[in-house]
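Overview (structure and organization)
The chain contents come next:
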Amino acid sequence: MTERVEWDELPAELRDAVEARTGPVIGAETVASGFNCSVALKVRTREDDTLFLKGVRTSDTVAVAGLRCEERVNSLVGGVSPSIRHGFEAAGWRCLAFAHVDGRHVDYGPGTGDLDALARTARRMHQVRTPAFSLPQLADGFAGHLRPGEADALHGTHLLHTDTNQHNVLIDRAGDAYVVDWAMPALGPVWVDAVYLAVWLMAYGQPPEDAVAWLNGFDVWRQADRRAVETFVDVTCRHWTHRAGEKDAEPRNADFRRLLEASR
């Protein structure tokens, strides 16, 4: 269970640091979803503004690195992810305050009305600028499961999120989709995140033919290098089998293979 620290439990110095930037806080509500932060608060201020406050202890070097990565990437993903209003350290905490998305988690299931919103945001993701700073390659996440030449097949310069699980995609009241938690991005082929989205659709019960039809709406997928797609599916299945075991990995791996067959 991820630690969650309530507003009133935060050090007074940290609360003061927040209010120095936001103005007086008149309400704070803990956000239960998410796994990478100890502070996750919907904060309402006297100026009638609402922010999402995300924080980690500075002693947690991995979490701090993730938050710093989010901060660097944020300027590249405008229109895809909420903007960061404030970033600071105080009282042993590293924090980011984001514009709040007033909405809900995405619905990936059959009959969802979110497919158009997902497609619009996926197209924005395909157009983000290449970072001017160093990031891991997608293949780095498959270390130990790569065969000769596969890292080269997966090489790319496009900014990828790689974890579009339901908790990381929000639908606002206007019906727009936002992808949050860019703590562990990678560089790779431009079509990868769209593939992950299509696999999530199948995982939540969408018929494979519908998920494939949705994915076929993207030029970047229809134009994808077939060898790179085959390599991506093969490596992903090997990696997931190692993590979950052959039996538990099979449903997810089958979804990836369906997309591979469709690409042929």
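The structure under discussion appears in the preceding block.
Just so it is clear, the model here is predicted, and its values are computed rather than measured.

This part covers the nonpolar core. By size, the foremost hydrophobic cluster in this structure holds 52 residues, and its most contacted members are W191, V195, W214, L215 and F232. Sort the elements by how many residues they give to this core and helix α5 (residues 192-203) lands first, with nine residues. Filtering out sequence-adjacent residues up to four positions away, V195 remains in contact with L215, W221, F232, F256 and L259. Membership of the second largest hydrophobic core comes to 17 residues, among which are V5, A17, L41 and V43.

This brings us to the pattern of salt bridges. The full count for this structure, using the stated rule, is 14 salt bridges. Taking the shortest distance from any N to any O, the salt bridge between E3 and R57 comes out at 2.6 Å. In this pair, E3 sits in the segment before α1 (12-22) while R57 sits in strand β3 (residues 50-57), placing the two residues 54 residues apart along the sequence. Given a relative accessible area of 36%, E3 falls into the partly exposed group. According to the relative accessible area criterion, R57 is partly exposed, its value standing at 33%. Several salt bridges converge on common partners, so that one network encompasses R68, E71, E89 and R94.

Here we come to the sheet that holds strand β6 (residues 103-105). In space, the three strands of this open sheet follow the order β6-β8-β9, with antiparallel pairing throughout. Each of the sheet's edge strands pairs with one partner strand only, and the pair in question is β6 and β9 (177-179). Each neighbouring strand pair of the sheet contributes to a mean axis angle of 30 degrees, computed without reference to strand direction. Examined bridge by bridge, strand β8 (residues 169-172) and β9 share three bridges and lie antiparallel to one another.

Moving on: helix α6 (residues 208-215). Of the residues making up α6, those classed as buried are A211, V212, W214 and L215. The arc that holds the buried residues of α6, viewed along the axis, is 160 degrees, so those residues lie on one side. In this structure, the buried residues of α6 make contact with α3 (115-126), α5, α7 (219-222) and α9 (246-263).

Our focus in this paragraph is the sheet that holds strand β1 (residues 25-30). Ordered by their spatial adjacency, five strands build an open sheet running β1-β2-β3-β5-β4, and the pairing between neighbours is antiparallel. The open sheet has two edge strands with one neighbour each: β1 and β4 (84-90). Sheet twist, expressed as the average angle between the axes of neighbouring strands with direction ignored, equals 25 degrees. Judged from the seven bridges that link them, β3 and strand β5 (residues 93-99) form a sheet pairing that is antiparallel. By the bridge assignment, G55 is partnered in β5 with C95. Set on the sheet, α1 makes contact with β1, β2 (39-45), β3, β4 and β5; between it and β4 the angle comes to about 150 degrees. Against the sheet, helix α2 (residues 61-74) touches β3, β4 and β5, its axis set at about 35 degrees to β5.

Taken as a whole and assessed by the stated rule, the structure comprises ten aromatic pairs. Where Y196 meets F232, the ring centres are 5.5 Å apart and the plane angle is 80 degrees; that geometry is what we call edge-to-face. Here the residue Y196 occupies a position in helix α5, and F232 occupies one in helix α8 (residues 226-244), the gap between them amounting to 36 residues. Since its relative accessible area comes to 1%, F232 is described here as buried. An aromatic cluster is present here, built from W191, Y196, W221, F232 and F256 joined pairwise through their rings.

You can see T164 is positioned in the loop between β7 (158-160) and β8. Considering only alpha carbons, one finds T164 and A153, eleven residues apart in sequence, at a separation of 22 Å. Setting aside anything within four residues of it in sequence, one finds T164 in contact with Y108, V169, V179, Y196, L197 and W200.

Here is what the cut-offs are and how they apply
- Residues numbered from 1 in each chain as written.
- Predicted model: local features only at pLDDT ≥ 70, side-chain atom pairs only at ≥ 80, totals over all residues.
- Heavy atoms only, no water.
- Core = buried A, V, L, I, M, F, W, Y, C linked by side-chain atoms within 4.5 Å.
- Buried < 20%, exposed > 50% of the residue type's maximum accessible area, 1.4 Å probe, protein only.
- Helix = DSSP H or I, 4+ residues; strand = E, 2+ residues; numbered from the N terminus.
- Contact = heavy atoms within 4.5 Å.
- Salt bridge = Lys/Arg side-chain N within 4 Å of Asp/Glu carboxyl O.
- Pairing = 2+ DSSP bridges.
- Axes fitted to C-alpha atoms, helices over the stretch in contact; angles between N-to-C directions.
- Arc of directions from axis to C-beta.
- Phe/Tyr/Trp six-rings, centres within 6.5 Å; stacked < 30°, edge-to-face > 60°.

Spatial relationships are all this shows, so hold off on functional conclusions.
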